[in-house]
Amino acid sequence: MASERYELNMSMKCVKYMIFVISITFAIVAAMLLSMAVAIGNLFDDFQNFIDSHFFVPPNLLIAIGIILLVIALFGCVGALKESTAMINIYGALLLSVFVLQLAAAITAFVMRGQVSMMVRQKIFDSMADYKQQEGYRNPIDTLQNTLECCGVDGFSDWAQFLPSDGTVMEYPETCCAAPPVNGECMPREYGCYARLSWLISQGSVLIATGTVAVAFVQVLGAVCAFMLASAIRRAKTLRATRRWHLQQSLGIMTKPIEPQYTGMEKSEANVDPDKYLPTSPSVN
């Protein structure tokens, strides 16, 4: 009996620690997902003048998913420590619920990836066209060219249609120069900004989509494991309760019962009328 009880306790501990490890793993994955979403969101913020607002939906949604997963992981840890089948089942159900949000974020990122090319080209052209007319457009395009070390859309020659030239020397923004201008002459950078910016945005979308899908499918496995482990805990608890009941029953059987003659005597004495004379009554003489 002692060995069986020991095995049962050990199995319960194994199940509990398995759920705890799974929850901690998901907490780490959620933190990584959250950090990736924040990094991509910050990257998009740096070039927000060249990115449509709906491109910020996937990283923001991924940030929300990361926070939710952290809370769910904490919930799973508490359920494991308390050995609560209800909490672990809820933990698995929550993982499956977040799976739907992750698929939505991944699909959105994949769809938006196809819109990057036209959007980036048009946004850069618009900023270049207003470079001289509006001061507000100078800082974004200068930041873009300086950060990505590029010039124009496809190359420095794109500036010819937007900046005046004296016919011999083409004028460029200073951020187009590969080195500080010498005597007013600028050596422009060779690469255009379109290819580099579109590559960055596309890669960010791909990272969001692939990372989310990978975590989502691992998450489904985690939910299935949670349901299986909850069932194992339920069986172990049932077995423990059954053995406790059998132990109580065995203790009840081993208890010494009241002897029948004393029971009969008590019953007969209870039925005797004290005023009635019986032959067996002691003589008063």
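Residues numbered from 1 in each chain as written. Predicted model: local features only at pLDDT ≥ 70, side-chain atom pairs only at ≥ 80, totals over all residues. Heavy atoms only, no water.

As enumerated under the stated definition, the model contains two aromatic pairs in all. Relative to F56, the ring of F44 lies with its centre 6.1 Å away and its plane at 90°, an arrangement referred to as edge-to-face. Within this pair, whereas F44 is found in helix α1 (residues 2–46), its partner F56 is found in the loop between α1 and α2 (57–82), the two being separated by 12 residues in sequence. F56 shares its class with F44; the two are buried. Note on F99 and F217: the rings are 6.0 Å apart at their centroids and 70° apart in plane angle, and the pair reads as edge-to-face. (Phe/Tyr/Trp six-rings, centres within 6.5 Å; stacked < 30°, edge-to-face > 60°. Helix = DSSP H or I, 4+ residues; strand = E, 2+ residues; numbered from the N terminus. Buried < 20%, exposed > 50% of the residue type's maximum accessible area, 1.4 Å probe, protein only.)

Rolling a probe over the atoms, with the probe sized like a water molecule, indicates the empty space that remains. Scanning the entire structure with this criterion turns up one cavity of 30 Å³ or more. Of the volumes computed, that of the largest cavity is approximately 30 Å³. Looking at the lining of the largest cavity, the elements that each hand over two or more residues are α2, α3 (85–113) and α6 (193–254). (1 Å grid on protein atoms, 1.4 Å probe; cavity = no way out; pocket = protein on both sides within 12 Å on 5 of 7 lines; lining within 4 Å. Points joined across faces, edges and corners; volume = space filled by probe spheres on them.)

Below, the discussion takes up the side chain of S198. Structurally, S198 is set in helix α6. When neighbours within four sequence positions are excluded, S198 is seen to be in contact with V116 and V120. (Contact = heavy atoms within 4.5 Å.)

It is worth spelling out the state of the cysteines at this point. For the coordinates displayed, the defined rule picks out two disulfides. Across the disulfide from C150 sits C193; the S-S distance is 2.0 Å. Residues C150 and C193 share a disulfide whose torsion about the S-S bond is about 95°; that sign makes it right-handed. Placement of C150 in the loop between α5 (138–148) and α6 and of C193 in helix α6 is noted, with a sequence separation of 43 residues between them. Here C150 falls in the buried class, since its relative accessible area comes to 0%. Residue C151 pairs covalently with C176 via a disulfide, S to S 1.9 Å. Taking the sign of the S-S torsion, 90° for the link of C151 and C176, the bridge is right-handed. (Disulfide = S-S within 2.5 Å.)

All quantities given are derived from atomic positions and should not be read as evidence of function.
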